[in-house]
Amino acid sequence: MQRSHVQILIVSVVLSVGCSVLQGAEFAGGTGTQADPYQIATAEQLMSIRSDVTLWDEHFALVCDIDMENRSVGPTLVGTFSGVFDGRGFRIANVLLGRGDASCTVGLFRNIQLGGVVKNLIVEGVCISSNYGATSGAGICGANLGVISKCSVTCQICEVATAGGVAAWNYGVIEECRSVCTILGSGTYGGLVGVNKGRISNCWSSGLVWGWHVAGLTASHEDGEIDNCYSTCQVQGIWPESSAGGLIDALESPGSGIMSCYFLDLNSGGGPDNGLGEALSDSQMKQQASFAGWDFWGTD
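Bear in mind the structure is a predicted one, so any value in this text is a computation, not a measurement.

Here is what the cut-offs are and how they apply
Residues numbered from 1 in each chain as written. Predicted model: local features only at pLDDT ≥ 70, side-chain atom pairs only at ≥ 80, totals over all residues. Heavy atoms only, no water. Helix = DSSP H or I, 4+ residues; strand = E, 2+ residues; numbered from the N terminus. Buried < 20%, exposed > 50% of the residue type's maximum accessible area, 1.4 Å probe, protein only. Contact = heavy atoms within 4.5 Å. Areas by Shrake-Rupley, 256 points an atom, 1.4 Å probe, with all protein chains shown as cover. Phe/Tyr/Trp six-rings, centres within 6.5 Å; stacked < 30°, edge-to-face > 60°. pLDDT = per-residue confidence, 0-100. Core = buried A, V, L, I, M, F, W, Y, C linked by side-chain atoms within 4.5 Å. Pairing = 2+ DSSP bridges. Axes fitted to C-alpha atoms, helices over the stretch in contact; angles between N-to-C directions.

A. Fine view of the overall build of the protein chain. For the protein chain, the count of helices and strands is 3 helices and 31 strands. Looking at the protein chain residue by residue over its 300 residues, the buried ones come to 47%. Sequence-distant contacts in the protein chain: of pairs separated by 6 or more residues, those separated by 24 or more amount to 73%. Looking at the protein chain as shown, the accessible area adds up to about 13,400 Å², and 52% of this sits on carbon and sulfur atoms.

Right under this line is the structure:
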C-alpha cells in the first residue's frame, strides 16, 4: 500500500514537471514577467497566445521578425489583452484576418484592455476583409483602452463597419504611431483611428480612406485630446450624403481638444477642409515652419 502511494507521488511529480516543461516550450524563452517576458520567435508561438486565456495578462517580446506568409488566421491573432507586448522593433507581417460574423472584432489583438500595452511593434501587410460586415477592424486592435506606443501599421481593410489603421475605437492612449493604410467600404473610417474617445498624440497617417463617414486621422472625435498629429491621406466620401474631413470628420464634444494638427489639403490630393485641423498644401507639408506649435528635436 505504501509502495502504491510512493508510485502515485512519483508519477504526480513527473507529470507536474512535464507540464511545466511543455508550457515553457511553447515560447523561445522567458517566464512571462516584466523582467523576463515570454520570447516569441515563430508564428506558432504567436498564435498560441490566443488559445490560452491565462496568458492574456502576461508580458511578451518579439525576438525576430515573424512572417505569417499570408495565412488566414480568423478574426484575431490574440484575444482580449491586458498584458504587455513589446515588439522590440521587429515585424509581424503578411496576416489575413477576417471570416467574422456581423458582431465580431477583427484585428491583430481583439481588444487592448485597461493596463494593457502594445509598443515598438511593426505590423506590415495585414489584410482585413469581412464578407459579413464585422463591427470593427484595425491593424492592431478593435478597441484600445490601454496604451499603444511607437507602433507602425500598413494594412488594407475592406467592408468593416468601423475601422482605423491602428485601432477602430480608442478609449486609451495612442502615441508616436503611424499608419499607411487603404480603407474602403461603407462605414466609419479614419486613417489612424475610426472613433476616438481618448488621447492621440504625435501620430501620423497616410494612404487612402473612402467610405460613408471618413477622415484622414479619425472619423469621429468624441472625447479626449488630439495633439501634434498630421494626415496626408486621400479622403473621399463615396456617396452624395457622405461626410468627410481631411483630419477629422465630426467633433462630437465641443470640449474635446485638437491642438497643433494638420492635414494635406484637397487640392494636393488630401481631404476636405471642415475647420477641424489646419490644411496644408503639398509644398507646405515639406516645410518645418508650417507645423506651428511642434517641438522639433535638435532645433531652437
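There is more to say after this.
B. Seen up close, the packing of aromatic side chains. Taken as a whole and judged by the stated rule, the model has 15 aromatic pairs. Each ring, one from F85 and one from F109, has its centre 5.5 Å from the other, and the planes form 80 degrees; the classification is edge-to-face. Placement of F85 in strand β5 (residues 84-86) and of F109 in strand β7 (residues 105-112) is noted, with a sequence separation of 24 residues between them. Just as F85 is buried, F109 falls in that class too. Within the aromatic cluster, the residues linked to one another by ring pairs are F27, Y38, F60, F81, F85 and F109.

C. Representation of the confidence of the model for the protein chain. Mean pLDDT for the protein chain: 88, with 87% of residues reaching 70 or above. Note on residues 1-25: pLDDT under 50 across the span, and 1 contact to partners over four residues away in sequence or across chains.

D. Local environment of the environment of C177. Mapped onto the secondary structure, C177 falls in the loop between β16 (173-175) and β17 (178-184). Looking at C177, the relative accessible area reads 2%, which means it is buried. In contact with C177, other than residues within four places in its own chain, are I148, S149, K150, C151, L192, N202, C203 and W204.

E. Geometry of unusual backbone geometry. Even without glycine at this site, E69 takes up a positive phi of about 55 degrees. Looking at the secondary structure, you find E69 in strand β3 (residues 66-72). For K150, which is not a glycine, the phi torsion comes out positive at approximately 55 degrees. Mapped onto the secondary structure, K150 falls in the loop between β12 (147-149) and β13 (152-158).

F. Molecular detail of the nonpolar core. Counting residues in each nonpolar core, the largest one holds 62 residues, and the members touching the most others are I49, F85, I92, F109 and I140. When residues in this core are grouped by element, the largest group, 4 residues, is from β7. Listed in part, the 5 residues of the second largest apolar core include Y262, L264, M285 and F291.

G. Focus on the sheet that holds β5. Within the open sheet, the 9 strands sit side by side as β1-β2-β5-β8-β12-β16-β20-β24-β29. Their pairing is parallel. Each edge of the sheet is formed by a strand with only one pairing partner; in this case those strands are β1 (38-40) and β29 (257-259). Direction aside, the axes of adjacent strands within the sheet are offset by 10 degrees on average. Note: strand β24 (residues 225-227) against β29, 3 bridges, orientation parallel. Among the inter-strand pairings, I226 is bridged to a residue of β29, identified as I258.

H. Main features of the pairing of β7. Among the 8 residues in β7, 7 count as buried, and that is most of the element. As defined by bridge partners, strand β4 (residues 76-78) adjoins β7 across 2 bridges and the pair is classed as parallel. Across the sheet, the residue bridging to T76 is G107, located in β7. Across 2 bridges, the pairing between β7 and strand β10 (residues 136-138) is parallel. If you follow T105 over to β10, its bridge partner there is S136. In terms of strand pairing, β7 meets strand β11 (residues 141-144) through 3 bridges, oriented parallel. If you follow N111 over to β11, its bridge partner there is A143.

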